[in-house]
Structures are given as structure tokens and as C-alpha cells.
Amino acid sequence: MQRLYDSNMQIVGYTATSATGRITAYDSDYQVMGYYYPASDKTYDKNMKLIGKGNQITKFLNDAASVRP
């Protein structure tokens, strides 16, 4: 699992890559935010709603960073 930090060195979230290559984005409380599937080159939110084509995992992490106090 990789830790991701904001410019103030506060943890924004985490990413984990499975054996199949799927990347899962977690917020700082380890709640799933979304998934990227490289086989289909699509990103989905935690409810499996299509977000878009390509790896857009950073969108989740930017959203998480913007709601932090």
C-alpha cells in the first residue's frame, strides 16, 4: 500500500495494486473511494459508477484533500 500526502505532509489517502493490476484508492480512514481497471482502461467510484476512461485515481485523492479541514 502506498501512502499519499498533501503539500503539508498530511496523509490524503492510499493506493493499493492487486495482482491483476487493479488500483484501489482509499481515503485517509481506509474507506474505498474508487478503482482503476487497466484491462478496460476505466475508472469507477466505490459504487462501481463509471467515472471515465483512463486512470483517474488522482481525482479521488484530490477530492479527499480538498475536504480536509
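Calculation notes
Residues numbered from 1 in each chain as written. Predicted model: local features only at pLDDT ≥ 70, side-chain atom pairs only at ≥ 80, totals over all residues. Heavy atoms only, no water. Helix = DSSP H or I, 4+ residues; strand = E, 2+ residues; numbered from the N terminus. Buried < 20%, exposed > 50% of the residue type's maximum accessible area, 1.4 Å probe, protein only. Lys, Arg positive; Asp, Glu negative; His and termini not counted. Salt bridge = Lys/Arg side-chain N within 4 Å of Asp/Glu carboxyl O. Polar contact = N/O pair within 3.5 Å; in protein donor to acceptor, adjacent residues only side chain to side chain. Contact = heavy atoms within 4.5 Å.

Novice: Sorry if this is basic, but what is going on with the side chain of Asp 45 here?
Specialist: Along the chain, Asp 45 turns up in strand 5 (residues 42–45). Nearest to the buried, unbridged Asp 45 among oppositely charged side chains is Lys 49, at 5.5 Å. From its side chain, Asp 45 meets the backbone nitrogen of Asn 47 in a polar contact 2.9 Å long. Setting aside its immediate chain neighbours within four residues, Asp 45 contacts Met 33, Gly 34, Tyr 35, Ile 51 and Phe 60.

Novice: Explain the side chain of Asp 27 here, please?
Specialist: Of note, Asp 27 is situated in strand 3 (residues 23–27). Although buried, Asp 27 forms no salt bridge, and the nearest oppositely charged side chain, Lys 46, lies 7.3 Å from it. Among the polar contacts listed, one links the side chain of Asp 27 to the backbone nitrogen of Asp 29, at a separation of 2.9 Å. Look past the residues within four positions of Asp 27 in its chain and what remains in contact with it is Val 12, Gly 13, Tyr 14 and Met 33.

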